[in-house]
Amino acid sequence: MLEIKDLTVYYESAIAVNDVSIRVEDGEIIGLFGSNSAGKSTLLNTISGLLLERGKKELRRGGERITIFGDILLDGVKINNLRPWDRIRMGIVLCPERRRLFPEMTVKENLLVGAYLRRDLDEINNDLEFILDVFPRLRERLDQEAGFLSGGEQQMVAIGRSLMAKPRYLLLDEPLLGLAPVLQIELLKAIKKLREVKGMSILIAEQYVLPTIHIIDKGYVIETGVISVSGTREELLENPQIKTAYLGM
Ligand SMILES: Nc1ncnc2c1ncn2[C@@H]1O[C@H](COP(=O)(O)OP(=O)(O)OP(=O)(O)O)[C@@H](O)[C@H]1O
Ligand SMILES: [Mg+2]
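Rules used throughout
- Residues numbered from 1 in each chain as written.
- Chains lettered and ligands numbered in written order.
- Predicted model: local features only at pLDDT ≥ 70, side-chain atom pairs only at ≥ 80, totals over all residues.
- Heavy atoms only, no water.
- Helix = DSSP H or I, 4+ residues; strand = E, 2+ residues; numbered from the N terminus.
- Rg over C-alpha atoms; globule rule 2.2 N^0.38 Å.
- Buried < 20%, exposed > 50% of the residue type's maximum accessible area, 1.4 Å probe, protein only.
- Areas by Shrake-Rupley, 256 points an atom, 1.4 Å probe, with all protein chains shown as cover.
- Lys, Arg positive; Asp, Glu negative; His and termini not counted.
- Charge placed at Lys NZ, Arg CZ, Asp CG, Glu CD.
- Pairing = 2+ DSSP bridges.
- Contact = heavy atoms within 4.5 Å.
- Axes fitted to C-alpha atoms, helices over the stretch in contact; angles between N-to-C directions.
- Donors = N, O, S within 2.8 Å, 3.2 Å for Na, K, Ca; no water.
- Near = heavy atom within 4 Å.
- Polar contact = N/O pair within 3.5 Å; in protein donor to acceptor, adjacent residues only side chain to side chain.
- Nonpolar A, V, L, I, M, F, W, Y, C, P; charged D, E, K, R; others polar.

Peer 1: What should I look at first to understand the overall build of the protein in this one?
Peer 2: Looking only at helices and strands, the protein features 11 helices and 10 strands. Since a compact globule built from 249 residues should have a radius of gyration of about 18 Å, the 18 Å found for the protein is in line with a globular shape. C-alpha extents for the protein along the principal axes are approximately 50 × 45 × 30 Å. Each of the 249 residues in the protein was classed as buried or not, and the buried ones make up 50%. Carbon and sulfur atoms make up 51% of the accessible area of the protein, which totals about 12,200 Å². In the protein, which carries 33 positive and 36 negative side-chain charges, the distance between the mean positions of the two groups comes to 4 Å.

In structure tokens, the structure reads:
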């Protein structure tokens, strides 16, 4: 289980995540819903270790002060102070907002970057095959430069790259951003398949609540850094605040 306990994150003196607690149990798909600037990326970046408190030495060289309170626990063990690559090795893998591909590298090269920390060559090839089964569009485009792909295809590459790191917990930061509605549905189906086939746990941060809510087990709403609502999919679908603010009912 991945557990976020009373997590608070400041950029300088501005609070971005305020006393947030979240649990992701094995095999669950968890939604983290919130509009612009709600704190979704800050939360995901802190869980993956991209956002770490800087030491005094680093601060003297410039850069903003980041202060983090609270705990991130993997199977009950604190991982707060681990570097991002150690968290990846433990199975916590982030697919960042806006994809961050290497546009001049091919699709295949982008995918293989995700396996950088792995040494199990046979399994790497199996995983590549699995990804191409989940995203068949990528098979035809393996040798094309990633920068020339459509937005939807680029998002598939970004998720594929994260899968190549062999996640136990996959953190998706706004995977639906910039995609046409039909593609959003296609991508959500693929995400659901990851859980069904691999038993992966998935934490998905999204502004597009309506299509996403149908694939989650439980969800949280974050507003200006604070969790305002949480519950099972059914509870969220019945919640009046969510109906009006996020589902347009
Ligand atoms: N590097 C930074 N320095 C200072 N403030 C920041 C920094 N990054 C984000 N913030 C602020 O922290 C708050 C949360 O931002 P965050 O990017 O986590 O939100 P978000 O939910 O991911 O938004 P979006 O949907 O736009 O991606 C915002 O008020 C934002 O302006
Ligand atoms: Mg964000």
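Next comes the rest of the write-up.
Peer 1: Sorry if this is basic, but what is going on with the sheet that holds strand β5 (residues 77–78) here?
Peer 2: Backbone-to-backbone hydrogen bonds join strands into a sheet, with any given pair of strands oriented parallel or antiparallel. Pairing in this open sheet of 4 strands is antiparallel, and the strands run β2-β1-β4-β5 from one edge to the other. Here the strands that pair on one side only, and so sit at the sheet edges, are β2 (14–24) and β5. As paired elements, strand β1 (residues 2–11) and β2 share 7 bridges and run antiparallel to each other. The residue bridging E3 from the neighbouring strand is R23, located in β2. Packed onto the sheet, helix α1 (residues 40–48) meets β1, β2 and β4 (66–74) and runs at close to 115° relative to β1.

Peer 1: Can you help me understand the coordination of the magnesium ion (ligand 2) in this one?
Peer 2: Under perfect tetrahedral coordination by four donors, a metal shows angles of 109.5 degrees; under perfect octahedral coordination by six donors, it shows angles of 90 or 180 degrees. Looking at the magnesium ion (ligand 2), one finds its protein donor set to be S41 (OG) and E97 (OE), positioned 1.9 Å from the metal centre. Of this pair, S41 sits in helix α1 while E97 sits in the loop between β6 (92–95) and α4 (107–113); the two residues are 56 residues apart in sequence, bridging distant segments of the chain.

Peer 1: Would you mind showing me how to read the site of ligand 1 here?
Peer 2: Among the 14 residues in the neighbourhood of ligand 1, the closest are listed as K40, S41, T42, E64 and E174. For ligand 1, an oxygen atom lies 3.0 Å from a polar atom in the side chain of N36. In this structure, an oxygen atom belonging to ligand 1 sits 3.1 Å away from a main-chain N or O atom of A38. Protein contact buries 63% of the 640 Å² of open area that ligand 1 shows by itself. The element that contributes the greatest number of residues to the shell around ligand 1 is α1, accounting for 3 residues. Class assignment of the residues belonging to the shell around ligand 1 gives a composition of 3 nonpolar, 7 polar and 4 charged.

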